[in-house]
Amino acid sequence: MTTAAIDPVPLAQELIRAESVTPAGPAVFEIVERALSAAGFEVTRMTFSGNGAGSVENLFATRGSGGRHLALAGHVDVVPTGDKDAWSQDPFGAVIAGDVLMGRGAQDMKGAVAAMIAAASDWSGANEPGQVSFLITGDEEGPAINGTRPLVAWACEKHQFDACVVGEPTSRQVLGDTIKIGRRGSISGILTVNGRQGHVAYQHAAENPVPALLSIGQALLKPLDGGSEHFAPSNLEITSIDVGNKAFNVIPASVSLRFNVRINDLWTVDGLRAALTERAEQAAGGTSFELTWPDGASSAFLTRDEGLIERVTAAVETVTGVRPEATTGGGTSDARFIKNHSPVIEFGAVGSTMHQVDERTSVAELRLLARTYREIIRGVLTP
């Protein structure tokens with residue numbers, strides 16, 4: 001069995017030490033560029049801006065020609081550390097103690113980026129047929145507006161990918177137990193009910209918007225569906241109710257409710273919005289309300305390339321000894337921007353501490369992940 005040509009662990013440490021709370025800055029991309037250039041990849045760094053969001057740096061790299069073409073996708077931005085004093089080690093120190101590498105991004109997902117680069121370096125040195133490219137963004141953890149979405153569109157003007165693997169931390173208990181073959185979609189909404197402010201003792205002179213909002217909220221919370229063959233039931237979660245009122249004796253002028261829905265493949269974005277609007281109208285009983293939909297909604301998707309699923313599954317099982325379960329659970333990822341350009345599967349480290357204080361990964365597991373990506377490259381590029 002081939003092992004990665006370079007050790008992904010020191011590379012992961014370098015990446016973690018390059019502080020890159022979303023959006024990622026140039027320092028972390030310089031590390032990625034240096035490693036990929038040394039492996040013979042042609043690297044292009046580009047910045048996208050506009051669309052109501054800030055500028056974001058991204059990186060595309062490619063090597064090889066002819067045959068099948070595999071894209072490896074990931075992000076080098078990370079979420080904030082939270083209270084640094086709550087960490088047992090410097091969150092950007094990339095300290096190794098025994099088998100544990102600690103630091104923000106160790107699992108999500110600088111460790112996987114390092115493992116992918118190590119695997120691609122080995123593939124490059126073996127002179128095997130096919131083509132491998134990297135799609136690396138700096139804002140997956142942020143608005144995700146000027147990252148993978150424009151990057152993959154730009155890349156696909158010049159290249160056609162046969163498959164893409166995203167290195168999100170999909171494994172649950174042990175490396176290899178889970179791959180993602182799709183994701184639920186995400187829709188956010190803001191419900192606002194306006195009333196008339198007044199004194200609580202003179203309620204006849206005011207109009208309290210809160211009871212109407214609560215009724216509408218209860219209607220929105222009713223089950224949406226019973227799930228489908230590959231997806232769990234869609235779920236709507238209320239995330240805040242705000243009146244901006246700190247007084248006990250004042251009826252508020254307005255109240256707003258924010259919610260997020262994770263939808264399965266039984267719904268389209270427009271269909272779900274229409275259904276929720278109808279529910280709200282029925283529950284409002286004539287009360288005026290406003291329902292708005294912030295940008296960023298996405299539909300559920302399912303990878304239907306059975307050949308790709310089997311190739312990735314076989315590669316994971318060959319290296320880890322574990323046959324992965326193919327699921328669609330969890331949150332959203334940048335795979336939602338790639339699915340329209342290429343069949344896409346997600347596979348990566350155990351995600352038990354991602355986004356947490358003391359985020360960490362196993363050193364041995366990180367090296368095993370690099371070997372697994374190497375086998376995935378071989379399996380996908382083999383005609």
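These figures come from a predicted structure and were not determined experimentally.

Engineer: I'd like to hear about helix α4 (residues 148-156), residue by residue, with values.
Structural biologist: When α4 is considered as a whole, its buried residues turn out to be Thr148, Pro150, Leu151, Val152 and Ala155. The secondary structure elements touched by the buried residues of α4 are β1 (42-50), β2 (53-65), β6 (130-137) and α8 (335-338).

Engineer: Which residues make up the sheet that holds strand β12 (residues 235-242), and what are the values?
Structural biologist: On the basis of which strands lie adjacent, the open sheet formed by four strands has the order β12-β14-β10-β15 and antiparallel pairing. Among the strands making up the open sheet, the edge pair consists of β12 and β15 (289-292). Recorded for the sheet is a direction-independent mean angle of 20° between the axes of neighbouring strands. When strand β10 (residues 185-194) meets β15, the two strands line up antiparallel, connected through four bridges. Looking at the pairing, Leu191 lines up with Leu291 of β15. Sitting on the sheet, helix α6 (residues 269-284) touches β10, β12, β14 (254-263) and β15, and the angle it makes with β15 is about 165°.

Engineer: Could you give an account of the state of the cysteines, with specific residues and numbers?
Structural biologist: Across all of its chains, the model carries zero disulfides by this definition. The cysteine Cys156 is free of any disulfide, with Cys164 supplying the nearest cysteine sulfur at 9.1 Å. With a relative accessible area of 0%, Cys164 lands in the buried category.

Cut-offs and rules
Residues numbered from 1 in each chain as written. Predicted model: local features only at pLDDT ≥ 70, side-chain atom pairs only at ≥ 80, totals over all residues. Heavy atoms only, no water. Buried < 20%, exposed > 50% of the residue type's maximum accessible area, 1.4 Å probe, protein only. Helix = DSSP H or I, 4+ residues; strand = E, 2+ residues; numbered from the N terminus. Contact = heavy atoms within 4.5 Å. Pairing = 2+ DSSP bridges. Axes fitted to C-alpha atoms, helices over the stretch in contact; angles between N-to-C directions. Disulfide = S-S within 2.5 Å.

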